[in-house]
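# A closer look at the structure
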Amino acid sequence: MGRTEPVKTGGILRGEEDARQANFLELFFDLVLVFALNGVVTRVVQDLFSESVWVRWLSLLYTVVLALPLLWLWTTTAHITSRFSHRSRWIQLIVLLSTFGLLIMAASLPYAFVARGAAFAVPYVLLHAGRPLLLRPLLREHEALRRLYTRKAIWFSATGVLWFWGATARDDERVVLWSIAITVDLIVGRYGWPVPGMRQLPASAWAMTSSRHLPERYEQLLLIALGETMLAIGLSYVSHPATPAATATLVITFLSTVVMWRIYFYRAGQVLAEAIALSPNREAAGRTVGTAHVLMVLGSLGVAAGSKIALAHPGGHTRPAWLAVILGGPAVFLLGRAQLERIVFNRVSRRRMVGIGTLFLLAPPLVLAPPLLAATTAVAVLLGIAVADARHAAGRPPEAPSPAV
């Protein structure tokens, strides 16, 4: 855990000298997130293979309802470690508690809508409502931050009723209640957890106190998601007969991951930290950067689920829900990447928009094609965007960021 120091109200904030790199506890937390995201994909793919059309389509909602709380926990934890010094024993304790809570949530995923609802909901609520209460006594000299975390504790305690209610329900009722709960959490978080009658001091919920640490954490989040895609297909491949179709799926998934990495880092992902440093409104940038990366992670999970579908059923017709995953995953990834382009360069990425449109246009004819061909088509679209990016950059100096916010 590294050297600790006595907690002082004036010294708990992160200093500039250690503002860039993630510490070991943050990376430990990230390892558990890999396990959690793989659990989401495994849980959802089971329903995608159901004989019930309703269950197959409902599995798309399952992906969002299970993944968003995990990503929201990661995001709020990243903002804590970005704002406060990792040398504080209290911040180390908060990260360890968050890691353990995330582990419990991940372990409950196979039965999240059937039995172990409390194992998913209770850690989520206790961490979100409890961490602000742990931080409040440390912030006596930072009244604006004290009020911010007080508002967070109030809101998460309120939405915790929905989470606990959902944990006592089953099946579709639980899905509905948790869908409402995570939607409320995200909306009130977007506006800084406002509480009627409580004056808001100028402490931003999403301002990036360092232009380096949090952008790099978001880059690491995307790499975690891409790594999970490789983990998902790798685990499935080793337990599957090594047929030519299975090997082709492995190659296609690897190529998809590499191309998504290339699309992300050219060039917005490469200069994200510089764009944040130049932005006159880091709060707005912090909100939109987080949203963009969550969309890209959800898209990557779709690619991982699509690869499992193509591996298990390479031939025959592609069921519509399967096609929604195989083509929708890359489309959601491109949507998030287009939002990142808007943040860094203040423009609409036409190549990403063309890619999304192409995936939608190809959907109707691909219903009659086998899943392996649909997955091949999806990676071909991504590859086309990456090639277009490379051609656009050829012979030109590297583009500098020009954020509008």
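Fair warning: this is a prediction, and the values are worked out from it, not measured in the lab.

Running from amino to carboxyl end, helix α11 (residues 320-345) crosses helix α13 (residues 371-393) at an angle of 10°, the nearest separation of the two axes being 9 Å. Viewed along their axes, α11 and α13 adopt a mutual orientation that is roughly parallel. At the point where α11 passes α13, the crossing takes the right-handed sense. Where α11 abuts α13, its residues W322, L323, I326, L327, P330 and L334 lie against P371, A374, A375, A378, L382 and I385.

Attention now moves to the confidence of the model for the protein chain. On average, residues of the protein chain carry a pLDDT of 91, and 94% of them reach 70 or more. Predicted confidence in the protein chain is weakest over helix α9 (residues 272-278), with a mean pLDDT of 89, and strongest over helix α12 (residues 350-366), with 97.

A few words now on the side chain of T377. You can see T377 is positioned in helix α13. A distance of 2.8 Å separates a polar atom in the side chain of T377 from the backbone oxygen of L373. The residues touching T377, leaving out its near neighbours within four places in the chain, are L362 and L366.

With respect to the element layout, T318 can be found in the loop between α10 (282-312) and α11. Looking at T318, its side chain comes within polar contact range of the main-chain oxygen of P370, at 3.5 Å. With near-sequence residues (within four places) excluded, T318 lies in contact with L323, I326, L366, V367, A369, P370, P371 and A374.

Moving on, we come to the packing of aromatic side chains. Counting across every chain of the model gives 12 aromatic pairs. Ring centres of W261 and F265 lie 5.7 Å apart, and the angle between their planes is 55°; on these two criteria the pair is classed as tilted. Of this pair, W261 and F265 both sit in helix α8 (residues 244-269), 4 residues apart, roughly one helical turn. For W261, a relative accessible area of 40% gives the class partly exposed. Ring pairing ties together the aromatic residues Y62, F113, F120, Y124, W163 and W178, which thus form one cluster.

Under the criterion given, the structure shown has 6 cavities of 30 Å³ or more. Of the pockets and cavities examined, the largest cavity occupies roughly 120 Å³. The wall of the largest cavity is formed by 15 residues, among which I252, S256, V303, S307 and A375 lie closest to the centre. Of all the secondary structure elements, the ones that give two or more residues to the lining of the largest cavity are α8, α10, α11 and α13. Sort the elements by how many residues they give to the lining of the largest cavity and α10 lands first, with 5 residues. Here the lining of the largest cavity is composed, by residue class, of 9 nonpolar, 6 polar and no charged. Of all the secondary-structure elements, those providing two or more residues to the lining of the second largest cavity are α2 (53-83) and α5 (143-168). Partitioning the lining of the second largest cavity into residue classes produces 5 nonpolar, 2 polar and 2 charged.

Empty space among the atoms can be located by rolling a probe the size of a water molecule over them. Taken as a whole, the largest pocket encloses approximately 310 Å³ of empty space. The wall of the largest pocket is formed by 16 residues, among which W72, L186, R287, G290 and T291 lie closest to the centre. Sorting the residues of the lining of the largest pocket by element identifies α2, α6 (171-190) and α10 as the ones contributing at least two each. Tallied by class, the residues present in the lining of the largest pocket amount to 9 nonpolar, 5 polar and 2 charged. Looking at the second largest pocket, its volume works out to about 270 Å³. In this structure, the second largest pocket is lined by 16 residues; those nearest its centre are L60, T63, L298, G302 and V325. Among the secondary structure elements, those contributing two or more residues to the lining of the second largest pocket are α1 (24-48), α2, α10 and α11. For the lining of the second largest pocket, a count of residues per class yields 11 nonpolar, 5 polar and no charged.

Rules and cut-offs
- Residues numbered from 1 in each chain as written.
- Predicted model: local features only at pLDDT ≥ 70, side-chain atom pairs only at ≥ 80, totals over all residues.
- Heavy atoms only, no water.
- Axes fitted to C-alpha atoms, helices over the stretch in contact; angles between N-to-C directions.
- Helix = DSSP H or I, 4+ residues; strand = E, 2+ residues; numbered from the N terminus.
- Parallel < 35°, antiparallel > 145°, perpendicular 65-115°, else oblique.
- Left-handed = near helix turned anticlockwise from the far one by under 90°.
- Contact = heavy atoms within 4.5 Å.
- pLDDT = per-residue confidence, 0-100.
- Polar contact = N/O pair within 3.5 Å; in protein donor to acceptor, adjacent residues only side chain to side chain.
- Phe/Tyr/Trp six-rings, centres within 6.5 Å; stacked < 30°, edge-to-face > 60°.
- Buried < 20%, exposed > 50% of the residue type's maximum accessible area, 1.4 Å probe, protein only.
- 1 Å grid on protein atoms, 1.4 Å probe; cavity = no way out; pocket = protein on both sides within 12 Å on 5 of 7 lines; lining within 4 Å.
- Points joined across faces, edges and corners; volume = space filled by probe spheres on them.
- Nonpolar A, V, L, I, M, F, W, Y, C, P; charged D, E, K, R; others polar.

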